Amino acid sequence: MKPTIIVSIYTFVATISYGQSKIEILNDNKDKYALICELISKDTLQQHDIDYTCEDTSEKGTLTYYYNSRELKHILHEYKQDLIQYKDEYYIWDDQLFFGISVKKIEEHAIEERFHFYNSNPISCQYKNFETQNNRVLNESNDCKNASNIIERYDLLVNYQYSDTKGNCIFPKGVLRILKKNTIQGDLDVP
């Protein structure tokens with residue numbers, strides 16, 4: 001059996017066994033997301049920022065960790081490589097990733113993927129392709145095949161949250177390779 005089929009079956013069984021429908025789980029995720037965003041906008045959460053530059057890859061970035069007391073609630077990873085800007089966001093509740101967003105942008109074009117999780121399993125994945133010049137948005141659900149990439153990157157960033165390194169590239173080359181793993185399905189045209 002294909003891994004995506006196994007994950008889908010497991011997610012379905014887990015959802016039924018916990019007595020929550022997919023819609024209830026997604027609504028719960030949206031409520032948690034809204035609360036964390038509100039706490040961030042009101043500057044209520046504690047922040048830990050890490051800036052870095054990787055000279056051999058021309059990558060510059062910022063990692064921001066948001067905490068409610070000692071509990072990690074949000075990770076924001078923004079970085080730029082050449083002309084492309086990347087932004088990955090991870091939303092956490094009870095030490096579990098429940099929502100992730102991955103954005104890749106160049107000039108007037110952006111591609112975004114959104115991942116909803118329940119008990120570390122993807123339950124809904126959405127792909128958006130924005131062209132601001134033409135005011136067009138392609139919005140579709142996908143099969144969550146890239147969810148494992150975002151989970152792998154999330155796990156790595158959780159391990160780097162207490163790093164005190166500033167300025168230099170804080171990631172070993174193997175970690176950089178994983179962080180650069182293309183979660184985004186589409187490609188952007190570079191002028």
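Up top you'll find the structure we're talking about.
Note that the structure is predicted; figures quoted are calculated from it, not measured.

**Overview of the nonpolar core**
Now for step 1: Among the nonpolar cores identified, the biggest contains 18 residues, and Tyr65, Ile75 and Tyr90 are the most heavily contacted of them.
Now for step 2: Sorting the residues of this core by element identifies strand E2 (59–68), strand E3 (71–81), strand E4 (84–93), strand E6 (109–118) and helix H3 (147–159) as the ones contributing at least two each.
Now for step 3: Of the residues forming this core, the biggest block, 4 residues, is contributed by H3.
Now for step 4: The contact partners of Ile75, leaving out residues within four places of it in the chain, are Leu63, Thr64, Tyr65, Asp88, Glu89, Tyr90, Ile92, Tyr154, Leu157 and Val158.
Now for step 5: Counting residues in hydrophobic clusters, the runner-up holds 6 residues, among them Ile36, Tyr91, Phe98 and Val103.

**Some details on the packing of aromatic side chains**
Now for step 1: Scanning all chains against the criterion turns up 7 aromatic pairs.
Now for step 2: For the pair Tyr91 and Phe99, a centre-to-centre distance of 5.8 Å together with 35° between the ring planes defines the contact as tilted.
Now for step 3: What makes Tyr91 buried here is its relative accessible area of 2%.
Now for step 4: Through a chain of ring-to-ring contacts, three or more aromatic side chains come together here, namely Tyr33, Tyr91, Phe98 and Phe99.
Now for step 5: When the ring centre of Phe98 is taken as origin, the NZ or CZ atom of Lys32, which lies over that ring, is 5.6 Å away.

**A closer look at the state of the cysteines**
In protein structure, a disulfide is the covalent linkage between the sulfur atoms of two cysteines.
Now for step 1: For the coordinates displayed, the defined rule picks out 1 disulfide.
Now for step 2: In this model Cys125 forms its disulfide with Cys144; the gap between the sulfur atoms is 2.0 Å. Handedness of the Cys125-Cys144 disulfide follows from its S-S torsion of about 110°: it is right-handed. With Cys125 in strand E7 (residues 121–131) and Cys144 in the loop between strand E8 (136–141) and H3, the pair connects residues that are 19 residues apart, well separated along the chain. Each member of the pair, Cys125 as well as Cys144, carries the same accessibility label: buried.

**Notes on the pattern of salt bridges**
Now for step 1: One pass over the full model with this rule turns up 6 salt bridges.
Now for step 2: A salt bridge links Lys32 to Asp28; its shortest N-O distance comes to 3.1 Å. Of this pair, Lys32 and Asp28 are both found in helix H2 (residues 22–41), 4 residues apart, which corresponds to roughly one turn of the helix.
Now for step 3: The partly exposed category is assigned to Asp28, whose relative accessible area is 30%.
Now for step 4: As a salt-bridge pair, Arg153 and Asp88 come within 2.9 Å of each other at their nearest N and O atoms.

What counts, and at which threshold
Residues numbered from 1 in each chain as written. Predicted model: local features only at pLDDT ≥ 70, side-chain atom pairs only at ≥ 80, totals over all residues. Heavy atoms only, no water. Core = buried A, V, L, I, M, F, W, Y, C linked by side-chain atoms within 4.5 Å. Buried < 20%, exposed > 50% of the residue type's maximum accessible area, 1.4 Å probe, protein only. Helix = DSSP H or I, 4+ residues; strand = E, 2+ residues; numbered from the N terminus. Contact = heavy atoms within 4.5 Å. Phe/Tyr/Trp six-rings, centres within 6.5 Å; stacked < 30°, edge-to-face > 60°. Lys NZ or Arg CZ within 6 Å of the ring centre and 35° of its normal. Disulfide = S-S within 2.5 Å. Salt bridge = Lys/Arg side-chain N within 4 Å of Asp/Glu carboxyl O.

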